Amino acid sequence: MSAAILVLNAGSSSLKFGLYAADTGKEILSGLAERIGSGPKVVLAGEDQETGLPIEAGHGAVLNWVIEALLARGADLEIVAVGHRIVHGGRDYAAPCVLGPEDMARLEALVPLAPAHQPHNLAGVRAAQAALPQAVQVGCFDTAFHRSQPRLAQLFAIPRELTAEGILRYGFHGLSYEHIAAQLPEVAGKPVERAVVLHLGHGASACALLKGRSHATSMGFTALDGLVMGKRCGSIDPGVLLHLMREKGYGPGTLETLLGSQSGLLGVSGLSSDMRDLLASEAPEAREAVDLFVYRAVACVAEMAAALGGIDALVFTAGIGEHSAPIRQAILEGCAWLGFTPDAARNAAKGPEITAEGCAKRAFVIPTDEEGVIARHAMRLLG
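As the structure is a prediction and not an experimental result, all values here were calculated from the model. (Residues numbered from 1 in each chain as written. Predicted model: local features only at pLDDT ≥ 70, side-chain atom pairs only at ≥ 80, totals over all residues. Heavy atoms only, no water.)

J.: Sorry if this is basic, but what is going on with the pairing of strand E9 (residues 194-200) here?
T.: Side-chain direction in a regular strand flips from residue to residue, so the side chains alternate between the two faces of the sheet. Taken across its seven residues, E9 has six buried, putting it largely inside the fold. Examined bridge by bridge, E9 and strand E10 (residues 204-210) share seven bridges and lie antiparallel to one another. Across the sheet, residue Ala195 finds its bridge partner in E10, namely Leu209. Taken together, E9 and the strand that follows it, E10, pair antiparallel across an intervening segment of three residues. With five bridges joining them, E9 and strand E12 (residues 313-317) adopt parallel strand pairing. Paired with Ala195 across the two strands is Ala313, which belongs to E12. (Buried < 20%, exposed > 50% of the residue type's maximum accessible area, 1.4 Å probe, protein only. Helix = DSSP H or I, 4+ residues; strand = E, 2+ residues; numbered from the N terminus. Pairing = 2+ DSSP bridges.)

J.: Could you clarify how one ought to interpret the sheet that holds strand E13 (residues 362-365) in this entry?
T.: Across a sheet, strands are paired by hydrogen bonds formed along the backbone, either parallel or antiparallel in direction. With respect to topology, five strands assemble into an open sheet ordered E11-E10-E9-E12-E13, the strand pairing being mixed. For this open sheet the edge positions go to strand E11 (213-217) and E13, each flanked by a neighbour on one side alone. Looking at each pair of strands side by side, their axes are set apart by 25 degrees on average, direction ignored. Against the sheet, helix H11 (residues 284-308) contacts E9, E10, E11 and E12, and its axis sits at roughly 150 degrees relative to E9. (Axes fitted to C-alpha atoms, helices over the stretch in contact; angles between N-to-C directions. Contact = heavy atoms within 4.5 Å.)

J.: Please explain the packing of helix H2 (residues 101-108) against helix H3 (residues 118-131) as it appears in this structure.
T.: To describe two helices that pack against each other, one gives the angle between their axes and the distance between the axes. At a minimum axis separation of 10 Å, H2 and H3 run at an interaxial angle of 160 degrees. Taken together, the axis directions place H2 and H3 in an arrangement best described as roughly antiparallel. Every pair of crossing elements has a handedness; the one defined by H2 and H3 is left-handed. Across the interface between the two elements, Met104, Leu107 and Glu108 from H2 touch Gln118, Leu122, Val125 and Arg126 from H3. (Parallel < 35°, antiparallel > 145°, perpendicular 65-115°, else oblique. Left-handed = near helix turned anticlockwise from the far one by under 90°.)

J.: What am I meant to see in unusual backbone geometry here?
T.: Residue Pro352 follows Gly351 across a cis peptide bond; omega there is 20 degrees. Inspection of the secondary structure puts Pro352 in the loop between helix H14 (344-348) and E13. Here the phi dihedral of His173 falls at roughly 60 degrees; this positive angle occurs in a residue that is not glycine. When you line up the elements, His173 lands in the loop between helix H5 (160-164) and helix H6 (174-188). For Lys350, which is not glycine, the phi dihedral falls at a positive 65 degrees. If you trace the backbone, Lys350 turns up in the loop between H14 and E13.

J.: Any chance you could explain H2 here in plain terms?
T.: An α-helical turn contains 3.6 residues, so a residue and the one three or four places further along point in the same direction. Taken residue by residue, H2 has Asp103, Met104 and Leu107 as its buried positions. Seen from one end, H2 has its buried residues packed into an arc of 100 degrees, which puts them on one side. Of the residues in H2, the exposed ones pointing more than 90 degrees away from the buried face are Pro101, Glu102 and Ala105. Where H2 is buried, its residues contact strand E6 (77-86), strand E7 (97-98), H3 and strand E8 (136-141). (Arc of directions from axis to C-beta.)

Right under this line is the structure:
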């Protein structure tokens with residue numbers, strides 16, 4: 001039998017998955033499960049699947065179905081490792097590792113810092129342990145890539161004893177940024193010293209890359225900070241939260257729901273958290289949500305460029321970044337003062353380069369591949 005690595009990237013209501021050859025890292029097949037908990041839909045190798053799962057089926061049931069389907073497709077495969085995306089690794093996890101009981105307990109303690117993702121990430125680990133007890137479970141952390149940041153980029157201006165307890169800027173989407181950092185020199189045709197990457201999707205953030213390493217990022221202690229997102233607020237004056245607590249009686253749970261599930265594009269537009277819906281709408285509220293998304297992204301590019309002491313390249317990735325030409329165009333136009341001149345035809349064709357010929361500052365579209373990064377880390381840990 002051939003050895004294979006199963007990769008799981010579990011979200012709040014979705015599960016990306018793939019099988020990779022354990023010796024080469026080559027993708028064998030991949031798929032996506034959506035609407036978990038409300039009528040799961042599974043696409044495997046580009047084909048819709050009839051799962052027979054109940055409407056309320058959770059991550060565990062969906063994962064078990066996926067594993068059985070994958071093994072049926074590849075009867076000659078033995079899954080020797082399962083690689084997991086885990087959003088928050090805190091201070092203790094600066095690199096991928098083999099997960100044991102002690103690790104699961106530590107990571108469980110970080111659930112309050114990533115409540116929309118961490119529980120599902122860890123549920124995926126537990127389900128994989130039960131379904132594939134012989135396989136090595138490998139954790140890959142979105143926060144790990146950012147541990148290379150200088151201390152000043154990690155600090156909040158709070159009492160030192162709180163900093164010592166671990167209240168720091170951790171940053172997220174690290175697996176995506178790791179992939180972009182590896183791909184950018186090849187796409188650009190040469191090494192790029194100072195690049196800003198915009199990971200724009202339902203969750204959104206920016207990262208300043210200095211010689212391929214994280215130097216600053218927009219997200220902080222949690223994944224709520226920074227850019228406007230689908231349902232998350234991004235940067236907000238802490239005084240607003242104090243006001244809501246004092247004047248409206250908001251407690252922690254209500255604030256968590258407000259900031260993480262009712263804000264962002266959804267909150268501003270009152271219509272949808274999906275950029276495609278907003279771009280297609282003629283409602284002024286939709287236009288305002290889109291404009292705010294672009295405004296904050298342009299300002300964040302400037303912030304990241306300042307942290308780098310300049311900028312040589314700008315990269316768009318993730319769902320909106322890869323697929324929305326109007327958003328890329330608007331952000332590049334907002335960054336014209338930094339030396340970017342968009343090329344409309346290149347942008348419409350998704351690049352990979354989307355700035356005008358001879359432009360001093362170059363912008364690119366590079367698809368992300370978090371699952372491929374996880375597979376390679378699992379290969380390395382398997383030796």
